[in-house]
Every structure is written in C-alpha cells, then in structure tokens.
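Analysis of the macromolecular model
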Protein chains: 2
Amino acid sequence: MSVTAAKGFTAAGIAAGIKDSGDLDLALVVNQGPTRTAAGVFTSNRVKAAPVLWSEQVVKGGRISCVVLNSGGANACTGAPGFQDTHATAEKAAGELGVDAAETAVASTGLIGLRLPMDRLLPGITAAAGELSPHGGEKAALAIKTTDSVHKTAVVEGDGWTVGGMAKGAGMLAPGLATMLVVLTTDADLPAPELDKALRAATRTTFDRIDSDGCMSTNDTVLLLASGASGVAPGYDEFAEAVHGVCDALARQLIGDAEGASKDVRIEVVNAASEDDAVEVGRSIARNNLLMCALHGEDPNWGRVLSAIGTTSAAFDPDALNVAINGVWVCRNGSVGEDRELVDMRYREIGITADLSAGAESAVIWTNDLTADYVHENSAYSS
Amino acid sequence: MSVTAAKGFTAAGIAAGIKDSGDLDLALVVNQGPTRTAAGVFTSNRVKAAPVLWSEQVVKGGRISCVVLNSGGANACTGAPGFQDTHATAEKAAGELGVDAAETAVASTGLIGLRLPMDRLLPGITAAAGELSPHGGEKAALAIKTTDSVHKTAVVEGDGWTVGGMAKGAGMLAPGLATMLVVLTTDADLPAPELDKALRAATRTTFDRIDSDGCMSTNDTVLLLASGASGVAPGYDEFAEAVHGVCDALARQLIGDAEGASKDVRIEVVNAASEDDAVEVGRSIARNNLLMCALHGEDPNWGRVLSAIGTTSAAFDPDALNVAINGVWVCRNGSVGEDRELVDMRYREIGITADLSAGAESAVIWTNDLTADYVHENSAYSS
C-alpha cells in the first residue's frame, strides 16, 4: 500500500543500474491531484545534499506534483555539478510527466561524495514513468532501501480519507528534523499550511526522537503530499493525529531495522523541569556508547545512565535521580536501588526510565544497542 | 619513576583485596615537603563520585600531604554511605601517616554504583603505609590500573627540579576537565596559585582534548603536588611548560591504550574562526561512530567527516571545507578532491585535517577508532 494507499497517487520502483547489485534503485511518486498541496521537513545538518537544497525550494511553493527518489548514491558533497545533476533529474521527470520542474522534488540516499551515474539515472526515469501504477507503492518503497533489511510502510485510515507512507533508513540515524527518506501521501483536501503544521507536529515527537547512532545525515527528507482526491477536508486535529500515527509507525520500524542492532531501547525521561530537558537527557543516554554496549551484553549498568545524565545541562539534583531498567528501579536517590539481578533483559525491547525528580514534563527517545555487527557493517561500507 | 621521580615523595602500591583478581589495587602517594602546595582539576560531570566531592574540598585548601588511590571500585552513586567511606579512608591514611585528613586527597576508579569493601581497604592503607618508598612510583602506577593494558608514567626534568606523574584510563575517556586518575608531583618550590594556573593551562590542551569514546567519567581527577624539596623556585613559564609536557605524554599514552582500539586518530582543525569552533568541530568528528568504524576498516570516508562538521555551530561555508586524511586532500571545496585510493591507512596513527577556511585558529583532538573489541570489552564489564 505505502504511498499509493491514498487515492490520487501512482508510483513505481525500478532498477536503473545506479546500484551495481542490480537491485531496485529508482522510485517515482506522482500526485495526480486535484489539489497537489505539499509540505516537507529536511535535515538540520548544515552540510546538505544537492537534492535537499533543491527540494527545500520546491516545498516553499507549497505544491508537489512528483517526487523522484534514488538509492545507490546520496549526491552529497558533490558541489555545483551535483546540484546540476539534481536539477537535470527534476527537469527530466517533469518532462516525462508533463508537470512543472518547480513542483518536482528529488531525494537521494547512499554514499556521500560520489556523483550519480546520470547516464543510467535519466533513462531510468523514462522507464519508471512507464511503470507508474496505483499499486506501485510497494515497489517504490523497495527501491529506496540501502542497508535496510526490510522496506517500511504504514497506513492510517480516516473517515473517507487515508494517510500512507514509506521510509528508508538504517544508519546515520539521528534525524535533526526528519529521518533519511520518507514520503507520506494523503487524499485529504487540505491547504499547504495545514499540511506543514501537521507534519512538523508529527516529526517533532517521532522521527526527531529516534537516535540510533548519533550521526545526522546530510540527506534527511520527509515529504507530505496531498491529492485531495477523496474530496474530504478533515478537521485539523483528526488529520494531524493520522499523520502522527503514520510517522510513529515508520519511526518505530526504522529503529527496529537499525544496522547491526540486537536491541530496541525505549528511553523515557519523566518528571523533568521542561520537555527540552527531557529530550536532552534522553538523547544523552541514547548516545552513550558505553551504556549501549552494556545493553547489548544484557547488563543493567545503571551507573552509565547516571554518568550520561550528569553531562547534560538539565535541571536535577544528583541525589534525587531514579532509574528503572525494564521496570526494576535499580537506582534510587542517585544510589543503589533494587537488586540488578531482578532485571530481565532477554527480549529485543528494553525500557529505561530516568526520573529527574525536577518537574512534570517527559519525553521518549528510541535508540539501539551498540554491537560488533554495527562496527562490521560500517567499517566496510565504502568497499 | 612516576610520582617518585621528584624529590620529597614516597609512594606504594599493594593488593588490598579490593579486586577479586588479587591484582594491585591500592596506592599511596605521600608528599614529605617541605612546602606541600597542591592544585587539582576534576570531572565536570554533574554526577560526581564521593572521592571527587571530597578531594575538591581538600584542593581548596591549597595543600596535599597524601593521596590515597584505589582501583576496583569508583565509589560513585553510592550516596551518603559512600561519602562516609571516602571520609573514613582519608582519616585512616592521615592517622597512619601523622598528617591532617583535610590535606589527604582520595581518588577511586572502577565500577559505578558499588560500595567499596572497607574491611579490606582500611587494613590495606596500613599495609601500604608500611611499604612507602622513594622508589614506589611504579608500583603505585600499577595499582591504579583497571582495564588499562599498561601503566602510564612520564617525567620531565627542569634545571635542578623535576615534574613526574602517573595516569590510568582506558575507557569512559572524554574528560570534561581532566582524565580518569592522574597524580603529578614536583620538587619545585611554587605557591598553590601558580600550580593551579600551570595545571589548568596544561590540562586544557592535553587531557581536555582527548575523546576516545565520548563518555565522561564521574571520577576524573588530576592532582599536582609540590614538595619544594629541590629548593628551586623555577620561573612560571618554564614550570608550566614542564607540566604541559608531562600531561601531554600521559594523555597520548591514554589514547594509545584505549579499550579495544586499533587506531589512534589525531584530528587537527585548522583555519577556524575561533579556538572554540576548532574544538567543537574536532570533538564532533571524534564522536562520530560511523566515521570511527570506517577508520577501523581503513576506509578514508571523508563524507562522514563533512557530515560531522555539519552538525556543529562553528563558522564555515559548506562549499569551502577541505579535508585531508593522512596528508591526502580527499575533499576540496566541500566536494571530491584527490583520489581516495592514495590514502595509506595501514599504520596505527591516522591524521585527519579539517580546514574550515573561516579564520586562523586551530586545535588538535585525539580519539580512537570504534571496534568490535570495544563492544566486546564494554558489553561484559560488570560481569
């Protein structure tokens, strides 16, 4: 279902030969309207890939007719020639589909610092245009995979309208405003400012709160396209909740498929003085390599949690910190709590609760353990 | 030689039974004067171990007669009982040596969240006091090891005076003001404020600029003790240079012995708008797990360097960034530079130069690669 669950969209995924493996590597998502409003959020990394720079401009217009996505190359750190490649990609797709290049978004993922093989990519757009179908969402989701072991899709049904989406992402997964590549579609009829508001609200507490390895990408892109084809204009709150639901499901799938991970770790920071404090503390815990190694070893090493909290600027008293791992309060009042032998860590999901005893705000951050497999996968990525 | 290279100091290292292994685990360093001035810097982690809280107070007095150090337990996150243990440790040593407990510093290292076995530690102090010797520096350095594979010592000779020191540290190695445990001694005759100034100047550009794994300890302690036994009062600049030399040698040894590491990585950030910018960028590069995996795989993956720079707030234009790896400028003007195949990464030391093209300031940060051995060592630490 993916991006074609909502009415008014066609999609395709093909093998254009960008990847040497021959796997699917080029996707098209086409918004057939009637309304074609759109919103997007992008990486906050200051080193932005060419397709991010291009698509940021497209989104400013509030309309997207088509998205071209490729795996097999990020087109990041490729200078002016790389930007020209993105521009040529948009022009080619626009020409094939009879739409405006200024309404054609581009997203790329793969290795940084390599030019894309345009002699394969441009003919691939022609081929993909010939395969566009209202059932093409699955193949499009397959075509944007890099090190992902599975493709990721999600759908939420409203009352007469639908929000669907697809995502890719398995490494360099610490989104600054978004995550790797995500395209959401809806047949609801909503103006671009409402799409933008709903998308930002959803990403703020979903993609922005997963932090697998602390490494922010140059290519993170989340787009939301509305076709209006359902003829229904839902209320904002109802629509925002559906967008949040799809983002949340996709974010959870991203963490579940993170490179080399053996554990999914849900870090809940409670009783913080502010939501910002809760997020800062959660992220600091998520990024602590030593703790993530311990969790891999099924070791409830709460001292490393406190050590991570101690590096933040959040409001707390060290003697009032409490930490639970999988429901066992192993640290109370900054010191030894319940017996750590009571903690059962055999399952893939691990829950850490950090109680700052400093207020009433909270936040949840998702991360993964640090494993030898992560090292292996990422020490041989270029080759 | 270590802490007994300078005149006026005795030391000892013994096995008190704190470690189950029977290895050396308790050290004493005694300043026999005549002057006994001292300075210290400590972790900036807000979760501080009991011995850090104690020794910070001792250093405020500007005098240290004795330092008690133990491995086998950090005495961190142990609450009021843990602080009482530190207090009892200082009182016991002071009683054995006939000095003031308020001039007795304590430093501990090992697992967080466990009480120290005081029934073994206190008799150990008596035993160690009986073994104090002007040749005891090596055994003291051995007694503070935890996961260190070697003990670390350094000596710089002045004109009629000496600065020597010992260090331990192999993990949780991202000092906030200091590194794990370091004791420096000198027989120079200098007042405490000058010791403090020289020590802060030295640690700022040595221990503060190593970042092996981004994890800041609760126990980092660096002490500088002066006996005045040489009868020489060197000029400040000459003395500060010697202190810097010892700190630099010890910091380099810490990086060279980091847990599981196979590469020592020297990151030099040049042409930064400010020294703070250079340090922020260097630290962001050092903490990028994906890059550190690539370096382990001898992959000159400069795209991950740019991606790390892009997450900082430093002044730079993405299109003016240059990156060299082992002298080959693989990235020029934010894009592809010299052929990455030219980079020879076979040796343990790797040099990365990041040119921000934004000013004239620079800084050097040292780190290590990320390896499967690091994961293995740290996923089985508690057990």
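Everything numeric here is computed off the predicted structure, so don't read it as measured data. (Residues numbered from 1 in each chain as written. Chains lettered and ligands numbered in written order. Predicted model: local features only at pLDDT ≥ 70, side-chain atom pairs only at ≥ 80, totals over all residues. Heavy atoms only, no water.)

**Describing the overall build of chain A**
Convention followed: Strands are runs of DSSP state E lasting at least 2 residues, helices are runs of H or I lasting at least 4, and numbering of each runs from the N terminus. With C-alpha atoms as the basis for the radius of gyration, the globule rule is written as 2.2 Å multiplied by the number of residues raised to the power 0.38. Three labels apply to residues, based on accessible area from a 1.4 Å probe with only protein chains included: buried if under 20% of the type maximum, exposed if over 50%, partly exposed otherwise in between.
Along chain A, the regular secondary structure elements total 10 helices and 15 strands. Over its C-alpha trace chain A gives a radius of gyration of 21 Å, about what one expects of a compact globule, namely 21 Å for 383 residues. Expressed along its principal axes, the backbone C-alpha trace of chain A runs to roughly 65 × 50 × 35 Å. Considering chain A as a whole, with its 383 residues, one finds that 61% of them fall into the buried category.

**Quick notes on the UniProt feature "binding site: substrate" (unreviewed entry) in chain A**
Rules: UniProt positions are given in the numbering used here, feature names are shortened, and annotations may be inferred rather than shown by experiment. Any two residues whose heavy atoms approach within 4.5 Å are treated as being in contact.
Per the UniProt entry, the sites bearing "binding site: substrate" (unreviewed entry) are Thr-146, Lys-168, Thr-179, Glu-259, Asn-378 and Ser-383 of chain A in this numbering. As for its placement among the helices and strands, Asn-378 of chain A is situated in helix α10 (residues 372-379). The exposure class assigned to Asn-378 of chain A is buried, which follows from its relative accessible area of 1%. Look past the residues within four positions of Asn-378 of chain A in its chain and what remains in contact with it is Glu-259 of chain A together with Leu-290, Cys-293, Ala-294 and Arg-304 of chain B.

**Let's talk about the domain arrangement of chain A**
All names here are of chain A. Selection criterion: Each domain span listed reflects an automatic or database assignment of domains. Buried area adds together the accessible area that both of two parts lose upon being put together, with accessible area traced by a 1.4 Å probe. Think of a salt bridge as a Lys or Arg side-chain nitrogen and an Asp or Glu carboxyl oxygen that are within 4 Å of each other. Think of a polar contact as two N or O atoms within 3.5 Å of one another; within protein, one of them needs to be a possible hydrogen donor and the other a possible acceptor, and neighboring residues in sequence only count if both atoms come from side chains. All amino acids are sorted into three groups, where Ala, Val, Leu, Ile, Met, Phe, Trp, Tyr, Cys and Pro are nonpolar, Asp, Glu, Lys and Arg are charged, and the leftover types, Gly among them, are polar.
Along its sequence, chain A is organised into domain 1 (2-256) and domain 2 (264-379). Taken residue by residue, the interface counts 14 residues in domain 1 and 16 residues in domain 2. Summed over both partners, the interface of domain 1 with domain 2 buries about 1300 Å², with 36% contributed by carbon and sulfur atoms. Across the contact surface, domain 1 and domain 2 share six salt bridges. Among the ionic pairs, Asp-264 bridges to Arg-252, the shortest N-O distance being 3.3 Å. Counting across the domain 1 and domain 2 interface gives 12 residue pairs in polar contact (both at pLDDT 80 or more). No other element matches helix α6 (residues 236-256), which puts three residues into the side of domain 1 that touches domain 2. Taken together, the residues of the side of domain 1 that touches domain 2 break down into four nonpolar, four polar and six charged.

**Considering the relation of the copies chain A and chain B**
Note the cut-off: Superposition of the copies was done by least squares, using only C-alpha atoms of residues whose pLDDT is at least 70 in both.
When chain A is fitted to chain B, the best match, at an RMSD of 0.0 Å, comes from turning it 180° and sliding it 0.0 Å along the axis. The transformation relating the two chain copies, once decomposed into turn and shift, fits a two-fold axis. Considering only C-alpha atoms, the part of chain A nearest the rotation axis is Ala-372 of chain A, at 2.1 Å. A shared binding surface is used by both copies, with 100% of the interface residues of chain A retained as interface residues in chain B.

**Comments concerning the environment of Ala-261 of chain A**
Residues and elements named next belong to chain A. Inspection of the secondary structure puts Ala-261 in the loop between α6 and β10 (264-272). The buried category is assigned to Ala-261, whose relative accessible area is 14%. For the pair Ala-261 and His-244, spaced 17 residues apart in sequence, the C-alpha to C-alpha distance is 25 Å. Non-local contacts of Ala-261, meaning those with residues more than four positions away in its chain, are made with Arg-348, Asn-368, Asp-369 and Thr-371.

**Let's talk about the packing of aromatic side chains**
Spelled out, the test is: We call Phe, Tyr and Trp rings a pair once their centres come within 6.5 Å, taking the six-membered ring for Trp, and we label the pair stacked below 30 degrees between planes, edge-to-face above 60, and tilted otherwise. Put simply, a charge is over a ring when the Lys NZ or the Arg CZ is close to the ring centre, within 6 Å, and near the line of the ring normal, within 35 degrees.
Per the stated rule, a full pass over the model turns up four aromatic pairs over all chains. Between Trp-161 of chain B and Phe-239 of chain B the ring centres are 5.8 Å apart and the planes differ by 50°, which places this aromatic pair in the tilted class. Here Phe-239 of chain B lies in helix α6 (residues 236-256) and Trp-161 of chain B lies in the loop between β6 (152-157) and β7 (162-168), a separation of 78 residues in the sequence. When sorted by exposure, Trp-161 of chain B lands in the same class as Phe-239 of chain B, which is buried. Sitting above the plane of the Trp-366 of chain A ring, Arg-252 of chain A keeps its charged end 4.2 Å from the centroid. One Lys or Arg, Arg-46 of chain B, reaches over the ring of Phe-316 of chain A and ends 4.0 Å from the middle of that ring.

**Observations regarding the pairing of strand β1 (residues 9-14) of chain A**
Two faces, one strand: in a regular strand the side chains alternate between the faces of the sheet. Taken across its six residues, β1 of chain A has six buried, putting it largely inside the fold. Here β1 of chain A shows a buried face lined by Phe-9, Ala-11 and Gly-13 of chain A and a second buried face lined by Thr-10, Ala-12 and Ile-14 of chain A.

**Quick look at the sheet that holds β6 of chain B**
Residue and element names in this part refer to chain B. Put simply, the rule reads: Here, any two strands with at least 2 DSSP bridges between them count as paired. As a rule, the C-alpha atoms of each element are fitted with a line to give its axis, helices using only the stretch in contact, and angles between N-to-C directions run from 0 to 180 degrees.
Pairing within the open sheet is mixed, and its five strands lie in the order β3-β9-β8-β7-β6. The open sheet is flanked by β3 (37-42) and β6, the only strands paired with a single partner. Averaged over all neighbouring strand pairs, the angle between strand axes comes to 10°, with direction disregarded. In this structure, strand β8 (residues 181-186) lies alongside strand β9 (residues 221-226), joined through six bridges in parallel fashion. In the strand pairing of β9, Thr-185 is matched with Leu-225. Along the sheet, helix α5 (residues 192-204) contacts β3, β8 and β9; its crossing angle with β3, the most-contacted strand, is approximately 30°.

**What about the pairing of strand β10 (residues 264-272) of chain B?**
Residues and elements named next belong to chain B. Pairing analysis gives seven bridges linking β10 to strand β14 (residues 349-355), with the strands arranged parallel. Bridging across to β14, Glu-268 finds its partner in Thr-353. Pairing analysis gives seven bridges linking β10 to strand β15 (residues 361-368), with the strands arranged antiparallel. Paired with Val-265 across the bridge in β15 is Thr-367.

**Some points on a negative patch on the surface**
Counted only if it meets this: Only residues above 30% relative accessible area that lack a salt bridge enter a patch, with like-charged residues linked at up to 9 Å and the nonpolar side chains Val, Leu, Ile, Met, Phe, Trp and Tyr linked at up to 5 Å. Here the open area of atoms and residues is found with the Shrake-Rupley method and a 1.4 Å probe, where only the protein chains shown may cover a residue. For this count, His and the chain ends are skipped, Lys and Arg are scored as positive, and Asp and Glu as negative. Every charge is mapped to an atom, namely NZ of Lys, CZ of Arg, CG of Asp or CD of Glu.
Negative charge collects at one region of the surface, where Asp-159, Asp-237, Glu-238 and Glu-241 of chain A lie side by side. For Glu-238 of chain A, a relative accessible area of 40% corresponds to the partly exposed category.

**Quick notes on helix α2 (residues 79-97) of chain B**
All names here are of chain B. Quick reminder of the rule: In this analysis, the expected span of each helix is defined as 1.5 Å times one less than the number of residues it contains. Here, the arc refers to the directions that run from the helix axis to the C-beta atoms.
The end-to-end C-alpha separation of α2 is 28 Å, in line with the 27 Å expected for 19 residues at 1.5 Å each. For α2, every residue scored as buried is listed here: Gly-82, Asp-85, Thr-86, Thr-89, Ala-90, Ala-93 and Ala-94. Along the long axis of α2, the arc covered by the buried residues comes to 165°, so they all point the same way. α2 presents Ala-80, Gln-84 and Gly-95 as exposed residues on the side facing more than 90 degrees away from its buried surface. Buried residues along α2 sit against α1 (50-60), β4 (66-70), β5 (104-108) and α3 (118-129). Where α2 terminates, the next one or two residues include Gly-98, which has phi positive at roughly 65°.

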